[in-house]
Amino acid sequence: MLDRRHFLAGAVVVTASGALAACSKKAPASSGGGGEKTITLGFSQVGSESGWRSANTKSVKDAAAAAGITLKFSDAQQKQENQIQAIRDYISQKVDVISFSPVVTSGWDTVMKEAKDAKIPVILTDRQVDSDASLYVTLVGSDFEIEGERAAHLLEKVLAASPVSPVNIAVLEGTTGSAPAIERAKGFKKVLDASHPDWKIVVSQTGDFTRDGGKQVMAAFLQSHPETNVLFAHNDDMGIGAIQSIEAAGKKAGSDIKIVTIDGVHDGFVAMSQGKINAISECNPLLGPQLMETIKTVLNGGTVEKWIKTKESDFTADQAADLLPKREY
Ligand code: AHR
């Protein structure tokens, strides 16, 4: 818990942008005792679309409890209008800080301006927005473009060990308009354009980051593009759904169709240990502790970077069995 004086002082300097986000706050909700105050955080989660999201939700809830932060949590079920409503509710409840993982990149300026006018700092987590950067203090989350580039480099490794020719890639994209879908596609294509002009993306469509979406869309791909011999799925869950359709079509996931995904959740590692996913570019969902630390720094008037990036690794199928028992999510 933080001392009331710190909240009342609360002006936040954001070093990376040089922007000054004035967050002069009224006293936050009382926890009682000793003049100390607890922080109330209003958090709007995207939804519960994937294993990654479940791990992220757990991380946020656990970290808030461990940090003594009172958490108001809402699940937007992948709908922007639900997130906007949740943010407005948090503003009217006069929470101390708002955090959200934006389902899509656009359309946030009005509601973030409302938060700013109410002097409630907004801290983005997980996903970027394309809004005026002065409307939020910082983003705690991954560099999705780099994740896409890393996925392409993992595919280079997979194909070096087990070449196919020609290389016909199907892509299962994440939620249309979301930062991870946009940036992962960009990063992946960047490497293909620079180093593999002969690798062809034969089809690319959204599976909305869900297992069922991956299954349905892959079934359609196999009909329309039977020449597919590589799948790049923007997350593990869509890759796992796709494996079901690949096997139902009598093909072998991981050999007839090489598969590279992003995330590194438990079920992705299980599929990788079975040789059905060839490689995974990690996206770490355990953002809770870093988010709570950032919130405390910001509300104490401290300085934070404009983008606090997550550390991540790459994994190939040969490492999966050893690493699976040690995975935290
Ligand atoms: O924003 C992170 C992405 O959202 C994860 O990669 C995906 O699994 C989730 O749904």
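If you're wondering where the values come from, they're calculated on a predicted model, not measured in any experiment.

Asker: Explain the nonpolar core to me, please; I cannot follow it from the model alone.
Answerer: As a rule of thumb, nonpolar side chains are buried together in soluble globular proteins. Counting residues in each nonpolar core, the largest one holds 27 residues, and the members touching the most others are L172, M218, L231, I259 and I277. Broken down by element, this core gets its largest block of residues, five residues, from helix α8 (residues 236–248). I259 has contacts with L231, I243, I246, A253, G254, K276, I277, N278 and A279, leaving out every residue within four places of it along the chain. L154, L155, L159 and A179 belong to the second-largest nonpolar core, a separate cluster that totals 26 residues.

Asker: Would you mind going over the packing of helix α7 (residues 211–224) against α8 with me for this structure?
Answerer: If you want to describe how two helices pack, look at the angle between their axes and the distance between the axes. At their nearest, the axes of α7 and α8 sit 7 Å apart, and the two run at 45 degrees to each other. The angle between the axes of α7 and α8 places the two elements in the oblique class. Our pair here, α7 against α8, has a crossing hand that is right-handed. In contact with R211, G214, K215, M218, A219 and L222 of α7, α8 contributes D237, M238, I240, G241, A242, Q244, S245 and I246. Residues that form the contact of α7 with α8 fall into these classes: seven nonpolar, four polar and three charged.

Asker: Would you mind going over the environment of S74 with me for this structure?
Answerer: If you trace the backbone, S74 turns up in strand β6 (residues 70–75). It is 5.1 Å that separates the C-alpha atoms of S74 and S44, two residues lying 30 residues apart in sequence. If we ignore the near neighbours within four places in the chain, the residues touching S74 are F43, S44, Q45, A86 and Y90.

Asker: Whenever I open this one, the packing of aromatic side chains confuses me. Can you help?
Answerer: Applying the stated rule across the entire model yields four aromatic pairs. Seen from their ring centres, F43 and F73 are 5.8 Å apart, and the 10 degrees between their planes marks the pair as stacked. Of this pair, F43 sits in strand β5 (residues 40–45) while F73 is found in strand β6, placing the two residues 30 residues apart along the sequence. F73 gets classed as partly exposed once you look at its relative accessible area, which sits at 27%. Centroid distance F269 to F315: 5.1 Å. Interplanar angle 70 degrees. Geometry classified as edge-to-face. With F269 in helix α9 (residues 266–273) and F315 in strand β17 (residues 314–316), this residue pair connects regions lying 46 residues apart in the sequence. Geometry around F73 places K61 over its ring, the cationic atom sitting 4.4 Å from the centre. In this structure, K309 is placed above the aromatic ring of W307, and the distance from its NZ or CZ to the ring centre is 4.2 Å.

What counts, and at which threshold
Residues numbered from 1 in each chain as written. Predicted model: local features only at pLDDT ≥ 70, side-chain atom pairs only at ≥ 80, totals over all residues. Heavy atoms only, no water. Core = buried A, V, L, I, M, F, W, Y, C linked by side-chain atoms within 4.5 Å. Buried < 20%, exposed > 50% of the residue type's maximum accessible area, 1.4 Å probe, protein only. Helix = DSSP H or I, 4+ residues; strand = E, 2+ residues; numbered from the N terminus. Contact = heavy atoms within 4.5 Å. Axes fitted to C-alpha atoms, helices over the stretch in contact; angles between N-to-C directions. Parallel < 35°, antiparallel > 145°, perpendicular 65-115°, else oblique. Left-handed = near helix turned anticlockwise from the far one by under 90°. Nonpolar A, V, L, I, M, F, W, Y, C, P; charged D, E, K, R; others polar. Phe/Tyr/Trp six-rings, centres within 6.5 Å; stacked < 30°, edge-to-face > 60°. Lys NZ or Arg CZ within 6 Å of the ring centre and 35° of its normal.

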